[in-house]
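# A closer look at the structure
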Amino acid sequence: VHPTSARRPYSLVVQSENTSYSDEYITSKFTNRGADVVVSDGQFIVTPTSKPYEFQTARKVSKTGLMLIGMGGNNGTTLCATVLANRHNISWHTKSGAQQPNYIGSMLRASTVRLGMDASGKDVHVPVSDVLPMVHPDDLVIGGWDISGVPMDQAMKRAQVLDWDLQRQVAPHMARIGKPLPSIYYPDFIAANQEARADNVIPGQDKQEHLERVREDIRRFKRENDLDRVVVFWTANTERYSDIIPGVNDTADNVLASIKKSHSEVSPSTVFAVAAILEGEPFVNGAPQNTFVPGVIALAERHNSFIGGDDLKSGQTKLKSVLAEFLVNAGIKPLSIASYNHLGNNDGHNLSAEAQFKSKEISKSSVVDDMVSANALLYKPAEQGAVKGSKAAKGEHPDHVVVIKYVPAVGDSKRAIDEYYSEIFCGGRSTINIFNECEDSLLATPLILDLTILTELLTRVKYRDASAQAEFAPLYPVLSLLSYMLKAPLVKPGTDVVNSLNRQRNALEAFLKACVGLEGSSDLLLETRIW
Ligand code: NAI
Ligand code: DG6
């Protein structure tokens, strides 16, 4: 068994007055430290703040189902087949030799976190998945929907992602999953070139009936598999953006009423999100469209139901969120970022349509905004009172262009080219070119697993304001802690989006550690800098 697939009993014990253990819970005390800043007459007046909280994490991992919308696609079939390969320990032959299944690319299972030092002063690291009790990906019960009724073994073959020898061995297991459940198809939302796939659709155009049908699918899946929790995950085709229309999708009640009226601006992904919210099960959007119209966020708040999104951050954007931050934090000024990619899978085919490309362009483009706005030394901030829509009102920003082309021959193997053109010391220029080639679905699958496992965990974590001795309450429904795996992170309305990959990871690591009572940044390493 590959180390990333190994099953380890939960064995982390924190010995501290801040951490207590019962059979049911891990309870920790945490002080949230920050600073309030007031700018007055050119002075920054900073007041450190601290507020005590307690976290309570249920130790029993839920028996978890993962319902994929778009189960028969490249991501869906790759995920099912690789989990089955891991579960049954199927190894296969490639031209370079025998290959074992593993979970490489999963931040939870294949990366580590530093706990502290041993007696000899050496760092001690554990897999991130060992910090708190988490679902093992092999244990996920997988099901879902697809508008294409091709059975899963055939759909895996159609995807052309996995080595033939793996496909051959995993095919009987895939065949047992059978056909995905029929799904909701509103042709207006995905590219016209997808029509031929749509042979497995829930009949009719009555959106309320569709909602009820999907809710029943979730309930049945949960019942038949004896599950505690079902994560509903959109990995279906990218949809066009929905128009935000007052009275239609701006409030929770309006979204529900619009579904009842079968309003044309309610997308399939929104119907699925509403179904999950009403069932009290988490919903994650792995694609870029605005499934979470304001009314859906409000509905999630009303039902205390968890949501996360948008769009898996698998390759080019992940690197961009590191490289752009590196340049800006090094005091170098990116003047333009030009990102091009081509791919030949069905996702690329769908994205060759203008409206669907637009959704992807938006999610890929927002990723450097916060880094740029954090550095007023390099980029002129937006001018208050400047003409609306003018450059001055928007603030200075590097030119940022995103191009995607469909080239069928390369299949799932995406080619991404990026040019970072920057201003350096005293008028100099620097150009960095990057070329990346990679199977898209093999990058995406571990992210879907991480998002599912983290989401399940976050449903088990409660918090309370320790100073008020309040009741423990669930976290806020929009799970922004999932940002590390997402291109355009959905955050609590009114709060800033953090795109920096390092900051996103630090936040997640700090949160997991806080839940076991390990506080503070370990990178100061003060003991190594003083006598
Ligand atoms: P794919 O095209 O192979 O699979 C999508 C599947 O969704 C297809 O089988 C299609 O029949 C199905 N589908 C379409 N509309 C549906 C509906 N209303 N209900 C149920 N099923 C429906 O695409 P792939 O490569 O699996 O990607 C899936 C999604 O994930 C796309 O939106 C893509 O943009 C997004 N994504 C993929 C990444 C990757 O690296 N592979 C990274 C970031 C996002
Ligand atoms: C073409 O860009 C296809 C897309 O679905 C991407 O593969 C996907 O959004 C991943 O994007 P990125 O920028 O994280 O590599």
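The notes below deal with the structure included here. (Residues numbered from 1 in each chain as written. Chains lettered and ligands numbered in written order. Predicted model: local features only at pLDDT ≥ 70, side-chain atom pairs only at ≥ 80, totals over all residues. Heavy atoms only, no water.)

### Considerations on the site of ligand 2
- Around ligand 2 sit 15 residues, and of these Thr 317, Asp 347, Lys 414, Asp 440 and Lys 487 come closest.
- A distance of 2.9 Å separates an oxygen atom of ligand 2 from a polar atom in the backbone of Gly 315.
- Within the side chain of Asp 440, a nitrogen or oxygen atom sits 2.7 Å from an oxygen atom of ligand 2.
- Relative to its unbound accessible area of 380 Å², ligand 2 is 97% covered by the protein chains.
- Broken down by secondary-structure element, the contributors of at least two residues to the shell around ligand 2 are α9 (316-329), β13 (333-343), α10 (346-351) and α11 (354-365).
- For the shell around ligand 2, the residue count by class is three nonpolar, five polar and seven charged. (Near = heavy atom within 4 Å. Polar contact = N/O pair within 3.5 Å; in protein donor to acceptor, adjacent residues only side chain to side chain. Areas by Shrake-Rupley, 256 points an atom, 1.4 Å probe, with all protein chains shown as cover. Helix = DSSP H or I, 4+ residues; strand = E, 2+ residues; numbered from the N terminus. Nonpolar A, V, L, I, M, F, W, Y, C, P; charged D, E, K, R; others polar.)

### Structural notes on the sheet that holds strand β18 (residues 473-474)
- Spatially, β1-β2-β3-β17-β18 is the arrangement adopted by the five strands of the open sheet, whose pairing is antiparallel. With one partner strand each, in any of the chains shown, β1 (19-21) and β18 form the two edges of the open sheet. (Pairing = 2+ DSSP bridges.)

### Thoughts on the site of ligand 1
- Not every one of the 30 residues close to ligand 1 is listed here, only the nearest: Asp 146, Ser 183, Ile 184, Ala 236 and Asn 346.
- With respect to ligand 1, the backbone of Ile 147 contributes an N or O atom lying 3.4 Å from a nitrogen atom.
- Asn 237 is positioned with one of its side-chain polar atoms (N or O) 3.1 Å from an oxygen atom of ligand 1.
- A total of 830 Å² of accessible area belongs to ligand 1 in isolation, and the protein chains cover 99% of it.
- Taken together, the elements giving at least two residues each to the shell around ligand 1 come down to α1 (74-87), α10 and α14 (440-459).

### Things to note about helix α3 (residues 152-159)
- Taken together, the buried positions of α3 are Met 152, Asp 153, Ala 155, Met 156 and Ala 159. Down the axis of α3, the buried set is contained in an arc of 160 degrees. They therefore lie on one face.
- Those residues of α3 hidden inside the fold are in contact with α1 and α4 (164-177). (Buried < 20%, exposed > 50% of the residue type's maximum accessible area, 1.4 Å probe, protein only. Arc of directions from axis to C-beta. Contact = heavy atoms within 4.5 Å.)

None of the figures reported here should be taken as evidence of function without further support.
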